[in-house]
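Chains, contacts and geometry: an overview
Spelled out from the first residue to the last, the chains are:
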There are 4 protein chains.
Amino acid sequence: MIITVASFKGGVGKTTTAVHLAAFLQSKSRTLLIDGDPNRSTSNWAKRGHLPFKVVDERQAAMHARDFDHVIIDTQARPEKEDLEALAQGCHLLILPTTPDVLSLDALTLTITSLKNLGSNNFKVLLTVVPPRPSRDGDEARLSVEQAGLPVFDRVIRRYAVFQKAALAGVPVCNVNDPKAKDAWEDYVAIGKEILDGEKQVRRSTEATFARAV
Amino acid sequence: MIITVASFKGGVGKTTTAVHLAAFLQSKSRTLLIDGDPNRSTSNWAKRGHLPFKVVDERQAAMHARDFDHVIIDTQARPEKEDLEALAQGCHLLILPTTPDVLSLDALTLTITSLKNLGSNNFKVLLTVVPPRPSRDGDEARLSVEQAGLPVFDRVIRRYAVFQKAALAGVPVCNVNDPKAKDAWEDYVAIGKEILDGEKQVRRSTEATFARAV
Amino acid sequence: MIITVASFKGGVGKTTTAVHLAAFLQSKSRTLLIDGDPNRSTSNWAKRGHLPFKVVDERQAAMHARDFDHVIIDTQARPEKEDLEALAQGCHLLILPTTPDVLSLDALTLTITSLKNLGSNNFKVLLTVVPPRPSRDGDEARLSVEQAGLPVFDRVIRRYAVFQKAALAGVPVCNVNDPKAKDAWEDYVAIGKEILDGEKQVRRSTEATFARAV
Amino acid sequence: MIITVASFKGGVGKTTTAVHLAAFLQSKSRTLLIDGDPNRSTSNWAKRGHLPFKVVDERQAAMHARDFDHVIIDTQARPEKEDLEALAQGCHLLILPTTPDVLSLDALTLTITSLKNLGSNNFKVLLTVVPPRPSRDGDEARLSVEQAGLPVFDRVIRRYAVFQKAALAGVPVCNVNDPKAKDAWEDYVAIGKEILDGEKQVRRSTEATFARAV
DNA sequence: TGAGTTAGAATGGCACCACCCGTC
DNA sequence: GACGGGTGGTGCCATTCTAACTCA
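Because the structure is a prediction, the values reported are computed rather than measured. Counting starts from 1 at the beginning of each chain's written sequence and moves along it residue by residue. A letter from A marks each chain and a number from 1 marks each ligand, given out in the order of writing. The model is predicted, so local features are restricted to residues of pLDDT at least 70 and side-chain atom pairs to those at 80 or more, both for listing and for counting; the totals for chains, interfaces and linings are taken over all residues. For side-chain calculations, the full set of non-hydrogen atoms in the structure is used, while hydrogens and water are omitted.

Let's talk about the overall build of chain A
Helix and strand definitions here come from DSSP, where helices need a minimum of 4 consecutive H or I residues and strands a minimum of 2 consecutive E residues; each element is numbered from the N-terminal end. The helix and strand inventory of chain A stands at eight helices and six strands. When the helices and strands of chain A are listed from N to C terminus, the series reads β-α-β-α-β-α-β-α-β-α-β-α-α-α. Expected size for 214 residues packed as a compact globule is a radius of gyration near 17 Å; at 17 Å, chain A falls within 12% of this value. The principal-axis extent of the C-alpha atoms belonging to chain A is close to 55 × 45 × 30 Å. Taken over C-alpha atoms, the radius of gyration is set against a globule rule of 2.2 Å times the number of residues to the power 0.38.

This is how it looks when you write it as structure tokens:
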């Protein structure tokens, strides 16, 4: 499965998302992370410590892609509208992490609408860096995104300091010694399961269609 | 005075910084904000409510610039290394807002070092979205930036929910009805004063040099 | 006076026009050329030789604009429809150089019509790279543009090899040692005069309106 | 086999080389061309007419790479020194097309030397746009490159107008109706055979090494 | 004078850090 | 002595309550 992570704004946990989804998928099957971000943020993460999967430069994508079952692509920060379509067509699932603040949601809805109009249906919004209750930011953001007619992951990624600790240590959050590490990791595990479930569902419906056709 | 706000990552409060510095300077003298961000984030902020200063498109910069005493330029999100030099030369002060997390600081130090080597000395780092104590993130980030030999503002911008409220309302934070509005606004007032003090100091030293020369 | 030069296709003499109008206006008053083309074509022209006016990067526009009487803006190659309006509003006169071939004229009329509908009336088409008689391309192109209801400069810029020589040498044509240099330069002088005459006329009518109002 | 085509200057036939090598390899086995050039020159070529192989955007590389035996990557125009190493590591063979003029050769030797020092040995220079005899440019260029210790293809690509005709028609030269089409096509066929021979040789030596090891 | 509105104060929940303590 | 778990303190955020103010 090929998953692309893209965002219109930085600082929304794009790299964190790419790293942790790769970590989750690696626990299921051979996974490759392609670092397409010009700041090489994923490669730097790996360099500081150790990530349990292979990370390669985007210019080496074609060479390595065929040797892995899952490929996560961490893209550049600010895709143009026209880039989006290309990105969506280059993967099975396009994940768009977004923080629940006005500026990010603005940027999201403005640009995504064009994607929806293009007929792409292989993308999903992921709410990240969600502040703890009693802040209702997460719920409001979800509402706003759903009202725009965009698909959203059921689970959100909460704001935990342990994610920064993990970036500093160069490991995924599950390998950090911290009381909150488990909670943080479970957020991504839940997202990973949503992804795999979604894929199964797609396959089943495809097979059903195929069976009917026969 | 011409001030440019630029950053390597989004979501670090670039737009918020541009808007509030413009609001502060407007209280001193006629101020123009040039929206150079491709998502037009500043223009959208203004559209939702009312900002106490003029906002124009970057393509109209040359036309309006001469009518104002202060000009704030909100640039695009991800300048290349080579862009940075051009940006620095196009203003009296280049402000680089940064959040105190590892990924942002990485991006900052990597790219800025080249600026320092180029001999530019008209830039200053601004720590933004700093989490409250007892988190020591702000202090650690300051230390890290200072050790890299980069100039930093004394004051930092703290993480307050009221900033998002202000963005939503389309006004500067000082015009929001909220118990924390005053605290948030004072952070930017303090930065504004640091800027004006710095400018005075530069002028004084320039005049002194001139006087000596005569 | 602020003049923007924009075009929908490359290779229509956009840079050549910007450079020579700046050279003409500099002979009247302090003139600045802003290089807004991503390939930095004007800056490269200046780098190869010497231009009799100041050339700056677009990102330094706000800083320098106020120190000059005339500003010529050489924009990026391929503006979108929505960009056009912004460009038109950011200057006193928008010049659209066009070669007299079918493809260029097509692109021109299609896009400009929207400008006309927006009520902008501060733009003018300039026929460039016009082949010598007996080719009637120039006349036909003029007819076609006028029938579309678009304002055109009376004079056209003829196709002269000396323009390429000038670009190579990094100087305006008037400083090239060539028998045709004078003819080529006079084309731009005539355009420059049309521009200044137009401005005077506008001023006179504005003053007349004002007098009547009083 | 994964082949990357890169060059330091534009106008050296990078796109032409990528297209025709892909056309040749397609006649042997399933071949994919990845268009990594920001101006989408290859995609545009394909759009004008029809190319006998699949062309995809670089952002879709990971998705499609695994379904083809050969992959040709047409990279961006102006790689930095640091990019070169990454490019070389991302392919089995890095082809560097160069025209036999002083400026190009200069740029080539300067930058390549670093590659050679890095120990990369999977690259080869291809002389392109070589003018016909009696010009000795081709021979001199080959001499100069060989003296620099760089590997060069035995065959060169000659300058034929039919290449431009092919680009305009959106097909490979072999599908153009022109007396010179056969000659032009044979140049690339010869290069293609050199590449496949080289690969066989590498495989044989690898197997020999392996056999010895056993 | 009463009702609605608004500003300020108090409360509870959560996340973070620091400290303490027990165990190996 | 090092590591892990538990506890307390601080600060932000949202809610609720209360008090004062406005307007009819």
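Okay, back to it.
Some thoughts on the protein's contact with DNA strand F
The near set for a molecule or strand comprises every residue that places at least one heavy atom within 4 Å of it. Around DNA strand F sit Pro134(A), Ser135(A), Arg136(A), Asn177(A), Pro132(B), Arg133(B), Pro134(B), Tyr160(B), Ala161(B) and Lys180(B), and those are all the residues in its vicinity. The protein-proximal atoms of DNA strand F, defined as those within 4 Å of the protein, are 87% sugar or phosphate. The contact in question runs from a phosphate oxygen of DNA strand F to an N or O atom on the side chain of Asn177(A), over 2.3 Å. Identification of polar contacts relies on pairs of N or O atoms within 3.5 Å, with a donor-acceptor requirement for protein atoms, meaning one able to donate a hydrogen and the other able to accept it, and with residues adjacent in sequence counted only if both atoms are side-chain atoms. One of the backbone nitrogen or oxygen atoms of Arg133(B) is found 3.2 Å away from a sugar or linking oxygen of DNA strand F. Residues of the surface near DNA strand F, tallied by class, amount to five nonpolar, two polar and three charged. In the scheme used here, Gly and all other residues not listed as nonpolar or charged are polar, with Ala, Val, Leu, Ile, Met, Phe, Trp, Tyr, Cys and Pro taken as nonpolar and Asp, Glu, Lys and Arg as charged.

Some remarks on the sheet that holds strand β2 (residues 31-35) of chain A
All names here are of chain A. Criterion used throughout: strands pair if DSSP finds at least two bridges between them. The six strands are arranged β3-β2-β4-β1-β5-β6 in an open sheet whose pairing can be described as parallel. The open sheet has two edge strands with one neighbour each: β3 (54-57) and β6 (123-127). Adjacent strand axes in the sheet meet at a mean angle of 25°, parallel and antiparallel pairs treated alike. In this sheet, β3 lies alongside β2 in parallel orientation, the contact comprising four bridges. When the bridges of β3 are listed, leucine 33 appears paired with valine 55. Throughout, a contact is declared for two residues whenever any of their heavy atoms are within 4.5 Å. Between N-to-C directions, angles cover 0 to 180 degrees, with each direction set by a line fitted to C-alpha atoms, over the stretch in contact for helices. Relative to the sheet, helix α5 (residues 102-117) contacts β5 (93-98) and β6, its axis offset from that of β5 by approximately 160°.

A word on unusual backbone geometry
The omega angle of the peptide bond from Arg133(B) to Pro134(B) is 10°, so this bond is cis rather than trans. By the secondary structure assignment, Pro134(B) is in the loop between β6 (123-127) and α6 (137-147). The backbone of Arg40(A) sits at a positive phi, close to 50°, despite the residue not being glycine. Inspection of the secondary structure assignment puts Arg40(A) in the loop between β2 and α2 (41-48).

Structural notes on the protein's contact with DNA strand E
Close to DNA strand E lie Pro132(A), Arg133(A), Pro134(A), Arg159(A), Tyr160(A), Ala161(A), Lys180(A), Pro134(B), Ser135(B), Arg136(B) and Asn177(B). A share of 92% of the atoms of DNA strand E within 4 Å of the protein falls on sugar and phosphate groups. Asn177(B) has a polar side-chain atom sitting 2.8 Å from a phosphate oxygen of DNA strand E. Of the residues that constitute the surface near DNA strand E, the class distribution is five nonpolar, two polar and four charged.

Quick word on the relation of the copies chain B and chain A
What connects the two chain copies is a rotation about an axis and a shift along it. Taken as rigid bodies, chain B and chain A are interconverted by a rotation of 180° and an axial shift of 0.1 Å, the fit giving an RMSD of 0.0 Å. Such a combination of turn and shift is consistent with a two-fold rotation axis. By C-alpha distance to the rotation axis, the residue of chain B lying nearest is Gly10(B), at 1.9 Å. When the interface residues of chain B are mapped onto chain A, 96% of them again fall at the interface, so both copies present the same face. Only residues with pLDDT of at least 70 in both copies count here: their C-alpha atoms drive the least-squares fit that superposes the copies.

Points about helix α4 (residues 81-89) of chain A
Among the residues of α4(A), those classed as buried are Asp83(A), Leu84(A), Ala86(A), Leu87(A) and Ala88(A). Summarising the contacts, the buried residues of α4(A) are in contact with β1 (2-5), β5 and α5 of chain A together with β3 (54-57) of chain D. Only protein chains enter the area calculation, which uses a 1.4 Å probe; residues under 20% of their type maximum are buried, those over 50% are exposed, and those in between are partly exposed.

A word on the relation of the copies chain C and chain B
Once chain C is rotated about the relating axis by 179° and shifted along it by 0.1 Å, it coincides with chain B to within an RMSD of 0.1 Å. Both copies present the same face, since 100% of the interface residues in chain C are matched by interface residues at the equivalent positions in chain B.

Brief notes about the packing of helix α4 (residues 81-89) of chain B against helix α5 (residues 102-117) of chain B
All names here are of chain B. Where α4 meets α5, the axes come as close as 10 Å, and the angle between the chain directions of the two elements is 50°. Here α4 lies oblique to α5, going by the angle between them. Between α4 and α5 lies a crossing whose hand is right-handed. Contacts from Lys81, Leu84 and Ala88 of α4 reach α5 at Leu110, Thr111, Ile112, Ser114 and Leu115. A class-by-class count of the residues in the contact of α4 with α5 yields five nonpolar, two polar and one charged. Working rule for angles: under 35 degrees goes down as roughly parallel, over 145 as roughly antiparallel, 65 to 115 as roughly perpendicular, anything else as oblique. Here a crossing is taken to be left-handed if its near helix is turned anticlockwise relative to the far helix by less than a right angle, and right-handed if that turn runs clockwise.

A short note on the sheet that holds strand β3 (residues 54-57) of chain B
In a beta sheet, neighbouring strands pair by backbone hydrogen bonds and run either parallel or antiparallel. Residues and elements named next belong to chain B. Ordered in space as β3-β2-β4-β1-β5-β6, the six strands form an open sheet in which the pairing is parallel. Where the open sheet ends on each side, the last strands, each with one partner, are β3 and β6. Neighbour-to-neighbour, the strand axes of the sheet open up by a mean angle of 25°, direction not taken into account. With three bridges connecting them, strand β1 (residues 2-5) and strand β5 (residues 93-98) associate as parallel partners. Among the inter-strand pairings, threonine 4 is bridged to a residue of β5, identified as leucine 94. Sitting on the sheet, α5 is in contact with β5 and β6, with an inclination near 160° to β5.

Considerations on the interface of chain B and chain A
Taken together, the contact between chain B and chain A spans 26 residues of the former and 26 residues of the latter. Note on terms: buried area is the combined drop in 1.4 Å-probe accessible area of two parts once they are placed together, counting the loss on both. Taking both partners together, chain B and chain A bury about 2000 Å²; carbon and sulfur atoms supply 53% of that area. Each salt bridge in this description consists of a side-chain nitrogen of Lys or Arg and a carboxyl oxygen of Asp or Glu lying within 4 Å of one another. In this assembly, chain B and chain A are joined by two salt bridges. In this structure, Arg48(A) engages Asp106(B) in a salt bridge whose closest nitrogen and oxygen atoms are separated by 2.8 Å. Of all elements in the fold, only α1 (14-26), α2 (41-48), α5 and α7 (161-169) of chain B reach the threshold of two or more residues within the side of chain B that touches chain A.

Describing the interface of chain C and chain B
Opposite the 20 residues of chain C that make contact, chain B presents 20 residues. Contact between chain C and chain B buries roughly 1800 Å² in total, counting both sides, with carbon and sulfur atoms accounting for 59%. Among the residues chain C hides against chain B, the three largest losses belong to Arg59(C), Met63(C) and Arg66(C). Together they make up 38% of the total. Our count for the chain C to chain B interface comes out at zero salt bridges. Inspection of the region where chain C meets chain B yields six residue pairs in polar contact (both at pLDDT 80 or more). Within the residue set of the side of chain C that touches chain B, elements represented by two or more residues are α3 (61-64), β4 (70-74) and α4 (81-89) of chain C. Broken down by element, the residue count for the side of chain C that touches chain B peaks at four residues, all from α4(C). Of the residues contributing to the side of chain C that touches chain B, the split by class is eleven nonpolar, four polar and five charged.

Some thoughts on the side chain of Ser104(B)
Structurally, the position occupied by Ser104(B) is in helix α5. For Ser104(B), the residues in contact, after removing those within four places along its chain, are Lys9(B), Val12(B), Thr98(B) and Thr99(B).

A closer look at the side chain of Thr17(A)
Residue and element names in this part refer to chain A. Looking at where threonine 17 falls in the secondary structure, it is placed in helix α1 (residues 14-26). Taking the relative accessible area as the measure of exposure, threonine 17 reaches 0% and is therefore buried. Those residues in contact with threonine 17 that lie beyond four places of it in its chain are Val5, Pro97, Leu126, Thr128 and Tyr188.

Side note on the environment of Gly149(A)
Residue and element names in this part refer to chain A. Among the structural elements, glycine 149 can be located in the loop between α6 (137-147) and α7 (161-169). On the basis of relative accessible area, glycine 149 is assigned to the partly exposed category, the value being 44%. Separated by 42 residues in sequence, glycine 149 and isoleucine 191 have C-alpha atoms that sit 20 Å apart.

What about the pairing of β1(B)?
Strand residues, when the strand is regular, have side chains that alternate between the two faces of the sheet. Residues and elements named next belong to chain B. Residues Ile2 and Thr4 line one face of β1 and the alternating positions Ile3 and Val5 line the opposite face, and both faces are buried. Note: β1 against strand β4 (residues 70-74), four bridges, orientation parallel. Looking across to β4, one finds that isoleucine 3 is bridged to isoleucine 72.

Details of the packing of aromatic side chains
Any two rings among Phe, Tyr and Trp, with Trp reduced to its six-membered ring, count as a pair given centres within 6.5 Å; such a pair is stacked if its planes are under 30 degrees apart, edge-to-face if over 60, and tilted if neither. The tally for this structure, following the rule as stated, stands at four aromatic pairs over all chains. Relative to Tyr188(A), the ring of Phe163(A) lies with its centre 5.8 Å away and its plane at 85°, an arrangement referred to as edge-to-face. Linking Phe163(A) in helix α7 with Tyr188(A) in helix α8 (residues 181-213), this pair joins segments that are 25 residues apart in sequence. According to the relative accessible area criterion, Phe163(A) is buried, its value standing at 9%. Put simply, a charge is over a ring when the Lys NZ or the Arg CZ is close to the ring centre, within 6 Å, and near the line of the ring normal, within 35 degrees. Of note, Lys124(B) hangs over the ring of Phe153(B), and the distance from its end group to the ring centre comes to 4.8 Å.

So yeah, pure geometry; function would need other evidence.
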